[in-house]
Amino acid sequence: MAFDGTWKVDRNENYEKFMEKMGINVVKRKLAVHDNLKLIITQEGNKFTVKESSTFRSIEIIFELGVTFNYSLADGTELSGAWTLEGDKLVGKFKRLDNGNELNTVREIIGGEMVQTYTYEGVEAKRIFKKE
């Protein structure tokens with residue numbers, strides 16, 4: 001249950017370029033870089049609850065490993081996909097509902113930080129979180 005806990009975004013790598021590739025407008029990109037995202041993650045067996053709060057919204061996402069669900073990004077982009085556990089990594093494979101393009105996400109703990117890596121259309125970005 002290495003992902004359990006409260007995680008606050010500390011820094012980003014290539015995040016604005018990633019959002020540009022996703023088609024997010026410049027104003028939203030500038031705001032999103034400083035969204036103060038906080039994730040509270042709890043795991044019970046194969047079931048995860050993620051409470052997400054930021055400058056833009058607060059939502060609760062409940063998912064089970066390997067089970068497809070729908071999810072909306074903060075900008076309104078709708079996705080469908082599932083999370084799986086591959087070794088010590090949480091791997092999310094999602095498809096955009098508007099264009100069918102894949103958005104892949106990996107969450108892993110590296111040196112006590114949670115690194116969330118996004119890949120979309122060949123552009124990779126990272127958001128690094130510190131545990132509170």
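The model shown is predicted, which means the values in this text are computed figures rather than measured ones. (Residues numbered from 1 in each chain as written. Predicted model: local features only at pLDDT ≥ 70, side-chain atom pairs only at ≥ 80, totals over all residues. Heavy atoms only, no water.)

Caption draft 1: How the structure looks around the nonpolar core. Ranked by size, the top nonpolar core spans 31 residues in total, and within it Phe 18, Ile 41, Phe 63 and Leu 103 carry the most contacts. Apart from residues no more than four positions distant in its own chain, Ile 41 is found in contact with Phe 3, Asp 4, Gly 5, Trp 7, Phe 48, Thr 49, Val 50 and Met 114. (Core = buried A, V, L, I, M, F, W, Y, C linked by side-chain atoms within 4.5 Å. Buried < 20%, exposed > 50% of the residue type's maximum accessible area, 1.4 Å probe, protein only. Contact = heavy atoms within 4.5 Å.)

Caption draft 2: Geometry of the sheet that holds strand 6 (residues 78–86). Taken in spatial order, the ten strands of this open sheet run 4-3-2-1-10-9-8-7-6-5, and their pairing is antiparallel. Each edge of the open sheet is held by one strand with a lone partner, namely strand 4 (58–64) and strand 5 (69–72). Recorded for the sheet is a direction-independent mean angle of 30° between the axes of neighbouring strands. Where strand 2 (residues 38–44) lies against strand 3 (residues 47–53), seven bridges are found, and the strand directions are antiparallel. Directly across from Leu 39, in strand 3, lies its bridge partner Glu 52. (Pairing = 2+ DSSP bridges. Helix = DSSP H or I, 4+ residues; strand = E, 2+ residues; numbered from the N terminus. Axes fitted to C-alpha atoms, helices over the stretch in contact; angles between N-to-C directions.)

Caption draft 3: Region of interest: the pairing of strand 8 (residues 102–110). Judged from the six bridges that link them, strand 7 (residues 89–96) and strand 8 form a sheet pairing that is antiparallel. Looking across to strand 8, one finds that Phe 94 is bridged to Leu 103. Counting the residues that bridge the hairpin from strand 7 to strand 8 gives five residues, and of these Gly 100 lies at a positive phi of roughly 80°. In this sheet, strand 9 (residues 113–120) lies alongside strand 8 in antiparallel orientation, the contact comprising eight bridges. Bridge pairing links Ile 109 to Met 114 in strand 9.

By themselves, these figures tell us nothing about what the structure is for.
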